[in-house]
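The residues making up each chain are set out below.
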Amino acid sequence: MEENGENVDVNLGAENVDSEIVDAENVDNANKNVKFLAKHNLAFRGSNERLYQNSNENFLGLIEMLAEFDPIVQEHVRCITDDNVHVHFLGHEIQNELILLLAFAIKNEIITKVKQAKYFSMILDYTPDVSYQEQISLIIRYVDVSSNFVSVEEFFLGFLNVNDTTGQGLLDVLQDDLKKLDIDILYVWGQCYDNGSNMKGKHQGVQNKFLDNATLDNATLEFCCRRFEETLKHNEQCDIDGK
């Protein structure tokens, strides 16, 4: 009886290992789909979240394609369509979780490179979204020195929700977010803003508030996006007229 019991335990253990391997493969396939769609800026979900139905969009469409030649995906899809499982790796909650995990990993990589470069510039644009929530878009520009090929990189780090739209309020939101990202604001050597008075205003704008807090050792350069663009166009026209 003991031997039979041991055999049962061994078989159950082997089944658990096989199940874990299959689950890991299914998660890996879902993760690859997420990376593909994000890289090509494609929509994940449509109006329908069921396999082999119209308007289920790209994520489930890729799974249907993989099921044609991958036996593990094929079996997982079969269990879902036959209603043998109700908790699986293709739902919108799993997709959102994978998106957040990838975003977290990418952001950490960007922050690591910013710290290696030490000095960086900020590009801020202040605008409400479609629900009229005031927000700032934060872009970091730095010199990537992490490899032998040195290059200037520019990355979008996210939207910052704003409740106080004054220059001081916007600066407080910016400082809090940089602190959360563990980026030292003292190493900001360039600022670029939109043309709003609360952003580039000489007395109460973010750029002036920021300069008030800056030390002499990191006297920051500030630019207004529109004026900078106009300057570039003017210089280009002068070159054309000179020729």
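Description of the structure in this document. (Residues numbered from 1 in each chain as written. Predicted model: local features only at pLDDT ≥ 70, side-chain atom pairs only at ≥ 80, totals over all residues. Heavy atoms only, no water.)

### Details of the overall build of the protein
Each helix and strand counted, the protein has eight helices and five strands in total. Counted from the first residue to the last, the protein has its helices and strands arranged as α-α-α-α-β-β-β-α-β-α-α-β-α. Burial analysis of the protein (243 residues in total) assigns 31% to the buried set. Looking at the protein alone, contacts between residues at least 24 apart form 54% of all its contacts between residues at least 6 apart. Element-wise, carbon and sulfur atoms account for 53% of the exposed surface of the protein, whose accessible area totals about 16,100 Å². (Helix = DSSP H or I, 4+ residues; strand = E, 2+ residues; numbered from the N terminus. Buried < 20%, exposed > 50% of the residue type's maximum accessible area, 1.4 Å probe, protein only. Contact = heavy atoms within 4.5 Å. Areas by Shrake-Rupley, 256 points an atom, 1.4 Å probe, with all protein chains shown as cover.)

### Points about unusual backbone geometry
In this model, Y52 sits at a positive phi of 60 degrees, which is unusual for a non-glycine residue. Here Y52 shows up in the loop between α1 (2–39) and α2 (57–66). Positive phi, normally seen in glycine, also occurs at K118, with a value near 75 degrees. Here K118 lies in the loop between α4 (92–117) and β1 (120–128).

### Describing empty space enclosed by the protein
Summed over all chains, the structure comprises one cavity of 30 Å³ or more. Estimates place the volume of the largest cavity at around 30 Å³. What lines the largest cavity is N26, N29, I63, V73, H76 and L90. Considering only residue class, the lining of the largest cavity consists of three nonpolar, three polar and no charged. (1 Å grid on protein atoms, 1.4 Å probe; cavity = no way out; pocket = protein on both sides within 12 Å on 5 of 7 lines; lining within 4 Å. Points joined across faces, edges and corners; volume = space filled by probe spheres on them. Nonpolar A, V, L, I, M, F, W, Y, C, P; charged D, E, K, R; others polar.)

### So, the packing of aromatic side chains
Going through the model one piece at a time under the given rule, you end up with four aromatic pairs. Here the aromatic rings of F156 and F159 are separated by 5.0 Å at their centres, their planes lie at 65 degrees, and the arrangement is edge-to-face. Look at F159 and you get exposed, because its relative accessible area is 51%. The structure contains a cluster of three or more aromatic residues connected by ring pairs, namely Y119, Y187 and W189. (Phe/Tyr/Trp six-rings, centres within 6.5 Å; stacked < 30°, edge-to-face > 60°.)

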